[in-house]
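So you can see what is in the structure, the chains are spelled out below.
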Amino acid sequence: MLSDALLKKLRKELGQENVLTSDEELVCHSYDATLIRSLPDAVVTPRTAEDVSKVLVLANENAIPVTPRGSGTGLTGGSVPLRGGIVLCLTKMNSIREIAPADLLAVVEPGVVTGELQRKLEEEGLFYPPDPASLEISSIGGNIGNSAGGPRGFKYGMTKDYILGLEVVLPTGELVKTGARTVKCVTGYDLARLFTGSEGTLGVITSAILRLIPVPEERITVLASFKRLEDAASLVSEAVSAGLAPSALEIMDSVTLSAVKESSGLNSPEGTSAVVLSETDGFSEVAMKEAQKVRELSIKNGAISVQMEKDKERREKLWAARRGAFAALARKKPTTILEDIVVPRTKLVEMVRAVAEIGRRHQLVIATYGHAGDGNLHPTILCDKRDEDEMRRAGSAAGEIFERALDLGGTLSGEHGIGFEKARFLKKEIGEAGIKIMKRLKDSFDPKGIMNPGKMFE
């Protein structure tokens, strides 16, 4: 509980309108996209890095937990204030400070919405590739905190691949600048990489220098429908083996496809059990040549239908259907639990089969879709939180999915982070020694443990 004296100091430093304590505000900042709920004692909305510094100095002096938060779209409980204290909501720090076409970079504040930034850049002929499904809501700060990805990750990589530099406020209130505006920088430790994906446990990001690339000249989307999931997965393997580099290579199973068809009107022939949605881009000739190759490989692997689209509006409809997969599945049952695992591409079919078997054994409907090109799957459990027995089975099934992914040589998360929900599994992936060295790192930045406590580590 924050004392009246501390709240008074915060209001004096940041202004009455930036320190919120009403029941409505506390509830609105008590959750993310998971089922986890926990009320903060106050919500603070800084406008500058100096504001953030003032908040952290006061919190550190008084050992008050601080949970950084953007749009609250996280899927692991990362922005939920498990131990109360202050939610530091960064949505008012939403300025695009600079776009520098000649240097192929942009300088942005953490509250900038990713999709809005991408549209602004595209007007300048520039491209920021990371494209999480939540891009119309989620903010750059949260994307950096979790090193978000998306369908384009196969060709273009993750958020961490587009961070040139960061400005970060440490728990002590010190402001650190790391990285540079240059393409190359090997000056000292790569702290920008360390803060990226640290889930707000080390400090608060207050601005970022983002690497950009030119907008591709052409984009072509290919939708291939298959009667067998194995054939769809074979297409993915063959496309990669053939040296193709689509910007996206997505797969949806029959459960996902059924929900998406109902909600978006996506067309696929009767009897379709899986689809692969891919996109090629680059210079027009290259994009077309790759798209035709994907089409040939689709037919070779048993596709019963192949749709190629160059028209922007029709392409975007196909991708809107894919991006709406989670929302479409959420209409099927009152509760959806979206997981995030990665396995080697060669284990993709084995993992999908394992998810289906786990679902049958626990009498649950589990949809599977994701970024097949990089082995990143999102098994989604459809359940009802009012049914205690079903939620118990869902919890067991999620645990078994994580265990199976690790057994197949995979990892616990490709783009959602660890947060609270996966913290108990982290040791199995990185071992006791890995946990210890990470905790030592956290202690060196945050000796009082005020930054986002309860996340990443049990």
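Residues numbered from 1 in each chain as written. Predicted model: local features only at pLDDT ≥ 70, side-chain atom pairs only at ≥ 80, totals over all residues. Heavy atoms only, no water.

Engineer: Break down the nonpolar core for me, citing the residues and quoting the values.
Structural biologist: Within the largest apolar cluster, 51 residues are counted, with the highest numbers of intra-cluster contacts made by Val-276, Met-351 and Ile-381. If you tally residues by element for this core, the top one is helix H14 (residues 388-407), at 7 residues. Setting aside residues up to four positions removed in sequence, Met-351 forms contacts with Ile-341, Val-343, Leu-377, Ile-401, Arg-404, Ala-405 and Leu-408. (Core = buried A, V, L, I, M, F, W, Y, C linked by side-chain atoms within 4.5 Å. Buried < 20%, exposed > 50% of the residue type's maximum accessible area, 1.4 Å probe, protein only. Helix = DSSP H or I, 4+ residues; strand = E, 2+ residues; numbered from the N terminus. Contact = heavy atoms within 4.5 Å.)

Engineer: Outline the packing of helix H8 (residues 229-241) against helix H13 (residues 348-361), supporting the account with residue identities and numerical values.
Structural biologist: Packed helix pairs are characterised by how far apart their axes lie and by the angle those axes make with each other. In the contact formed by H8 and H13, the axes pass within 9 Å of each other and the chain directions differ by 150 degrees. By the criterion of interaxial angle, the relationship of H8 to H13 is roughly antiparallel. Considering the relative orientation of H8 and H13, their crossing is right-handed. Side by side, H8 and H13 meet where Leu-229, Glu-230, Ala-233 and Val-236 of the first sit next to Leu-348, Val-349, Val-352 and Arg-353 of the second. A per-class count over the contact of H8 with H13 returns 6 nonpolar, no polar and 2 charged. (Axes fitted to C-alpha atoms, helices over the stretch in contact; angles between N-to-C directions. Parallel < 35°, antiparallel > 145°, perpendicular 65-115°, else oblique. Left-handed = near helix turned anticlockwise from the far one by under 90°. Nonpolar A, V, L, I, M, F, W, Y, C, P; charged D, E, K, R; others polar.)

Engineer: Go over the sheet that holds strand S5 (residues 96-100), please, and point to the residues and values.
Structural biologist: Neighbouring strands of a sheet are bound in pairs by backbone hydrogen bonds; such pairs are parallel or else antiparallel. An order of S5-S6-S10-S8-S9 is seen for the 5 strands of this open sheet, with the pairing classed as antiparallel. The sheet is open, and its two edges are formed by S5 and strand S9 (175-179), each paired on a single side. Each adjacent strand pair in this sheet contributes to an overall mean axis angle of 10 degrees, direction not counted. The pairing of S5 with strand S6 (residues 105-108) spans 4 bridges and is classified as antiparallel. Paired with Ala-100 across the two strands is Leu-105, which belongs to S6. (Pairing = 2+ DSSP bridges.)

Engineer: Before we move on, could you go through the side chain of Asn-452 and cite the residues and values that matter?
Structural biologist: Structurally, the position occupied by Asn-452 is in the segment after helix H15 (426-445). For Asn-452, a relative accessible area of 1% corresponds to the buried category. Polar side-chain contacts of Asn-452 include one of 2.9 Å to the backbone oxygen of Glu-199. A distance of 2.6 Å separates polar atoms of two side chains, one belonging to Asn-452 and the other to Lys-455. Residues in contact with Asn-452, not counting those within four places in the same chain, are Val-66, Thr-67, Pro-68, Gly-78, Val-80, Glu-199, Gly-200 and Thr-201. (Polar contact = N/O pair within 3.5 Å; in protein donor to acceptor, adjacent residues only side chain to side chain.)

Engineer: Quick rundown of the environment of Thr-368? Include the residues and the values.
Structural biologist: Secondary-structure assignment places Thr-368 in the loop between strand S18 (365-367) and strand S19 (369-371). It is 23 Å that separates the C-alpha atoms of Thr-368 and Tyr-156, two residues lying 212 residues apart in sequence. Setting aside anything within four residues of it in sequence, one finds Thr-368 in contact with Met-252, Asp-253, Thr-256, Val-352, Val-355, Leu-377, His-378 and Pro-379.

Engineer: How would you summarise a nonpolar patch on the surface if you had to cite specific residues and measurements?
Structural biologist: A grouping of Val-27, Tyr-31 and Leu-39 is seen on the molecular surface, where their side chains present a nonpolar patch of about 260 Å² in accessible area. For Leu-39, the location among the structural elements is in the loop between helix H2 (23-28) and strand S2 (42-44). (Patch = residues over 30% accessible without salt bridge, like charges linked within 9 Å, V, L, I, M, F, W, Y side chains within 5 Å. Areas by Shrake-Rupley, 256 points an atom, 1.4 Å probe, with all protein chains shown as cover. Salt bridge = Lys/Arg side-chain N within 4 Å of Asp/Glu carboxyl O.)

Engineer: Lay out the layout of surface pockets in plain terms, naming residues and giving numbers.
Structural biologist: Over the atoms, a rolled probe matching the size of one water molecule traces out where space is still vacant. Space inside the second largest pocket adds up to approximately 790 Å³. Around the second largest pocket sit 33 residues that line it, and Thr-196, Gly-197, Glu-199, Met-438 and Met-456 are the ones nearest its centre. Mapped onto the lining of the second largest pocket, the elements with two or more residues apiece are helix H7 (191-195) and H15. With 6 residues, the single largest contributor to the lining of the second largest pocket is H15. Considering only residue class, the lining of the second largest pocket consists of 12 nonpolar, 14 polar and 7 charged. (1 Å grid on protein atoms, 1.4 Å probe; cavity = no way out; pocket = protein on both sides within 12 Å on 5 of 7 lines; lining within 4 Å. Points joined across faces, edges and corners; volume = space filled by probe spheres on them.)

Geometric values such as these leave the question of function open.
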